[in-house]
Amino acid sequence: MVTSPQDDEPADAVVLRPLGDRAVLAEVADLAGVLALHAALAAAPPAGVDELVPAARTVLVAFDPARIGRAAVEQWIRRATGSRTATARPGPLVEVPVRYDGTDLGETAALLGIPAVDLVARHAGAHWTVAFTGFAPGFAYLVSADWPFDVPRLARPRTRVPAGAVGLASGFSGAYPRETPGGWRLIGATDAVLFDPDAATPVLLPPGARVRFVPERERVTSAAPLAPAEVPAPAAAPGPVEVAGPAEVPAPAEAPEPVEVPARSEVPEPVEGTGTLSPPRRPQAPTGSAPSPLPPRPALRVLDPGAFATVQDLGRPGRAALGVARSGALDRRALRIANRLVGNDEGAAGLEIAVGGFVARAESDTWVCVTGALVDVVVAARAVDMYAPQLVPAGSEIRLGPARAGLRAHLSVRGGIVATAALGSRSRDVLAGLGPAPVRAGDVLHAGRAASAVPAIDVFPWTVPPALHDVRIAEGPRADWFTAAARATLLEARWTVSSDVDRVGIRLDGPGLERVRHDELPSEGMRPGAIQVPPHGRPVILLADGPVTGGYPVIAVVTDAALDALAQVRPGDRLRFRRA
């Protein structure tokens, strides 16, 4: 239920919009209001509030309903709204070296009606601040009161934008942390390391950071935050397409001398696969075992990874404000059960195997358990049960047949799979490229030390994934962008899962959902389970590797309890949405 400003609140007060059963979107009038509200919320979050994600006009507030109720969260947001004029601490000052030689520099200057040299001078002379991050880990959306230009995106986005490219779009500037597709106009490049998951501070430009682009410099410099200062009022300059009235960024006050931060350097990379890896520069994420002086032991040598196999644990929750998705096992229940059945902690890393077809040989006696999609499991040429611990003797093979129902099987190894961690998790994020590389033939999977004994069980109850899925949903923040008929159709139709199914999301085929609003939605926070509706009108359900911000309206959100079942939907399956 959307909650508008109350009678005793000003008209520009916060509007609270539901984002499923575990999050609220707090919407304000403009980016200046976002920055002030985010600062007020971040000053004293109550227990149970897990995450704050600022965007163009909203702050996403994620919470754990087992520790704090929605009503308490909304009351806390409203109290913080009343204190938005309180002081906020400016972020660190970061100077980013730029070579102004971008492919689109001349054309962009011509579009704006100014010489290229003036465009460079205006860009380098502006005092920028990071409004929010999204799109990719470490990708910062920068705004400045000194920047009056509204720069149109490319009509056809590039399929490849190199890491370090500096670009413009709408009223924003930004730099690409890694090679990705993109539609921003490129005016330069930087050698600064914008995102390093192995660093103590992985994101160079976090929300709130103050940024200067410095032409032809070889170093990035960072200064400590200044003393608290009043949050300024929004500038009266023309606003960008997605942002109304960006916050004014004052000229920097006297500050400590910047300290040097190294520019791009060689970062040790893991050897391809998940077993043989270069030594990590950060402590390993938990394997599901107690600390042990024993080194990881070789457990399985992969002979055939099947269609697509990745290492997954329970992911990286709480990092969306840095542009990092939760990731982790899509079928969390299957992973937890498989781990318990071989004596691991529930969060130990295992394999997520899409479609089946996996084959491996045991390097040593190894206990395993297979859960999730219905597959035939063969150990040492003998058929064995799923959802039961199985010993694979050294030299013997374990084979998983093609998935006969469901899509993703989970294979847990006693002791948990040991692989290089990124931001505290061994999960592979396919969209961001974080975590161990997908498993390949020849990889050796190493295991740690188990947390407890293999349990003695006769049978574990489980069900075969169905072909018709009833999916519980809660109200989305932009349900009011759609007609009443579209909202009814969402619940009444039987949707067909298209061939576009991966760890990022699920595209559905069915009737188009008609909007009552067709204007552009400024980017706002997203969550796994969000049901976005692009202009073609067919829903897309975001999953664990999906983007943390997005610009398509969300009509509804799959409940957290229903998300695991979506890991098992396959092309051609049917879905029915049911109101939670």
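For clarity, every value in this text was computed on a predicted model and none was experimentally measured.

About the cut-offs
Here the residue index of a chain counts from 1 through its sequence in written order. In keeping with the model being predicted, local features are shown solely for residues with a pLDDT of at least 70 and side-chain atom pairs are shown and tallied solely at 80 or more, while totals for entire chains, interfaces and linings include all residues. Computation of side-chain values: all heavy atoms of the structure, hydrogens and water removed. We call a residue buried when its accessible area falls under 20% of the maximum for its residue type, exposed when it is over 50%, and partly exposed in between, using a 1.4 Å probe and counting protein chains only. Secondary structure elements are taken from DSSP: a helix is a run of H or I of four residues or more, a strand is a run of E of two residues or more, and numbering for both begins at the N terminus. Strand pairing is defined by DSSP finding a minimum of two bridges between the two strands. Helix axes use the C-alpha atoms of the stretch in contact, all axes being lines fitted to C-alpha atoms, and the angles between their N-to-C directions lie in the range 0 to 180 degrees. Contact between two residues is taken to exist if any of their heavy atoms lie within 4.5 Å; hydrogens are not considered. Multiplying one less than the number of residues by 1.5 Å gives the expected span of a helix. Under the rule applied, a polar contact is a pair of N or O atoms within 3.5 Å (in protein, one hydrogen donor and one hydrogen acceptor; residues adjacent in sequence only if both atoms are side-chain atoms). The quantity known as pLDDT measures the predictor's confidence residue by residue, on a range of 0 to 100. Only buried residues count toward a nonpolar core. Its members are Ala, Val, Leu, Ile, Met, Phe, Trp, Tyr and Cys residues joined through side-chain atoms within 4.5 Å. We define a salt bridge as a contact between a side-chain nitrogen of Lys or Arg and a carboxyl oxygen of Asp or Glu at a distance within 4 Å. For cavity detection a 1 Å grid was placed over the protein atoms alone, and a set of points counts as a cavity when a 1.4 Å probe fits there but cannot get out; an open set counts as a pocket when protein lies on both sides within 12 Å along at least five of seven lines, with lining residues being those that have an atom within 4 Å of a point. Grid points are joined across faces, edges and corners, and a volume is the space filled by probe spheres set on the points. Each residue gets one of three labels, nonpolar for Ala, Val, Leu, Ile, Met, Phe, Trp, Tyr, Cys and Pro, charged for Asp, Glu, Lys and Arg, and polar for the others, Gly among them.

Thoughts on the pairing of strand S27 (residues 444–447)
Residues Val444 and His446 line one face of S27 and the alternating positions Leu445 and Ala447 line the opposite face, and both faces are buried. One ladder, built from two bridges, connects strand S26 (residues 417–418) with S27; its direction is antiparallel. Counted as the bridge partner of Ile417 is Ala447 from S27.

Concerning the sheet that holds strand S29 (residues 495–501)
If you trace the seven strands once around the closed barrel, you get S28-S35-S32-S33-S30-S29-S36, paired in mixed fashion. Averaged over all adjacent pairs, the angle separating strand axes in this sheet is 40 degrees, with direction ignored. With three bridges connecting them, S29 and strand S30 (residues 505–509) associate as antiparallel partners. Paired with Thr496 across the two strands is Asp509, which belongs to S30. Sheet strands touched by helix H6 (residues 484–492): strand S28 (468–475), S29, strand S35 (554–558) and strand S36 (574–579). Its angle to S36, the strand with the most contacts, is close to 120 degrees.

Considerations on helix H1 (residues 31–43)
Over its 13 residues, H1 runs 18 Å from end to end, which matches the ideal 18 Å to within 8%, given 1.5 Å per residue. Those residues of H1 that sit buried are Leu31, Ala32, Gly33, Val34, Ala36, Leu37, His38, Ala40 and Leu41. The inward-facing, buried residues of H1 abut strand S2 (23–27), strand S3 (49–54), strand S4 (58–63), helix H2 (70–82), strand S6 (128–133) and strand S7 (140–143). A distance of 3.3 Å separates the backbone nitrogen of Ala32 from a side-chain oxygen at the start of H1, and that oxygen is part of Asp30.

Thoughts on the side chain of Gln312
The residue Gln312 is located in strand S17 (residues 308–312) in this model. A distance of 3.4 Å separates polar atoms of two side chains, one belonging to Gln312 and the other to Arg503. When near neighbours in sequence (up to four residues on either side) are disregarded, Gln312 contacts Ser327, Gly328, Ala329, Leu335, Ala348, Ala349, Gly350, Glu352, Ser427, Arg428 and Arg503.

Here we look at the confidence of the model for the protein chain
Model confidence for the protein chain is summarised by a mean pLDDT of 85, while 83% of its residues fall at 70 or above. Every residue in residues 218–292 scores below 50 in pLDDT, and together they form 199 contacts with partners more than four places removed in sequence or on other chains.

Digging into the nonpolar core
Residues Leu300, Leu351, Ile398, Leu400 and Leu411 are the most contacted members of the largest nonpolar core, which totals 39 residues. It is strand S20 (residues 366–374) that contributes the most residues to this core, five residues altogether.

Concerning the pattern of salt bridges
The full count for this structure, using the stated rule, is 27 salt bridges. For Arg67, the salt bridge is made with Asp64, and the minimal N-O distance between the two is 3.3 Å. Judged by its relative accessible area of 17%, Asp64 is buried. Glu363 is the partner of Arg301 in a salt bridge, and the nearest nitrogen-oxygen pair spans 3.4 Å. Placement of the pair is Arg301 in strand S16 (residues 297–304) and Glu363 in the loop between strand S19 (359–362) and S20, with a sequence separation of 62 residues. Relative accessible area serves as the criterion here: at 28%, Arg301 is assigned to the partly exposed category. Each of Arg22, Asp50, Asp64, Arg67, Arg332, Asp560 and Asp564 takes part in salt bridges that share partners, so that together they form one network.

Brief notes about the side chain of Thr483
Looking at where Thr483 falls in the secondary structure, it is placed in the loop between S28 and H6. Residue classification places Thr483 among the buried positions, given a relative accessible area of 16%. Among the polar contacts made by the side chain of Thr483, one reaches the main-chain amide nitrogen of Ala486 at a distance of 3.0 Å. Residue contacts for Thr483: discarding those within four places in its chain leaves Glu514, Arg515 and Val516.

Some thoughts on the sheet that holds strand S24 (residues 397–400)
Across the sheet, which stays open at both edges, the seven strands sit in the order S22-S21-S24-S19-S16-S27-S26 with antiparallel pairing between neighbours. Two strands bound the open sheet, and with one partner strand each, they are strand S22 (382–384) and S26. Bridge count between strand S21 (residues 377–379) and S22: three bridges; the pairing is antiparallel. Residue pairing for S22: Val379 is matched across the bridge by Arg382.

Here's the deal with the pairing of S30
The two faces of the sheet receive side chains in turn, since in a regular strand these alternate between them. Count of turn residues in the S29/S30 antiparallel hairpin: three residues. With three bridges joining them, S30 and strand S33 (residues 540–542) adopt antiparallel strand pairing. Bridge pairing in S33 links Arg507 to Val540.

Topic: the layout of surface pockets
When its volume is computed, the largest pocket comes out at roughly 1,400 Å³. Taken together, 50 residues make up the lining of the largest pocket; nearest its centre are Phe135, Pro547, Thr549, Gly550 and Tyr552. Put simply, the parts of the chain that give the lining of the largest pocket at least two residues each are strand S11 (180–182), S29, S30, S33 and strand S34 (549–550). Partitioning the lining of the largest pocket into residue classes produces 26 nonpolar, 13 polar and 11 charged.

Focus: unusual backbone geometry
Across residues other than glycine, the phi torsion is negative in most instances, and most of the peptide bonds are trans. Notably, Ala381 is not glycine yet its phi reads approximately 65 degrees, a positive angle. A positive phi angle is found at Tyr387, which is not glycine, with a value near 55 degrees. Turning to its location among the elements, Tyr387 is positioned in the loop between S22 and strand S23 (390–392).

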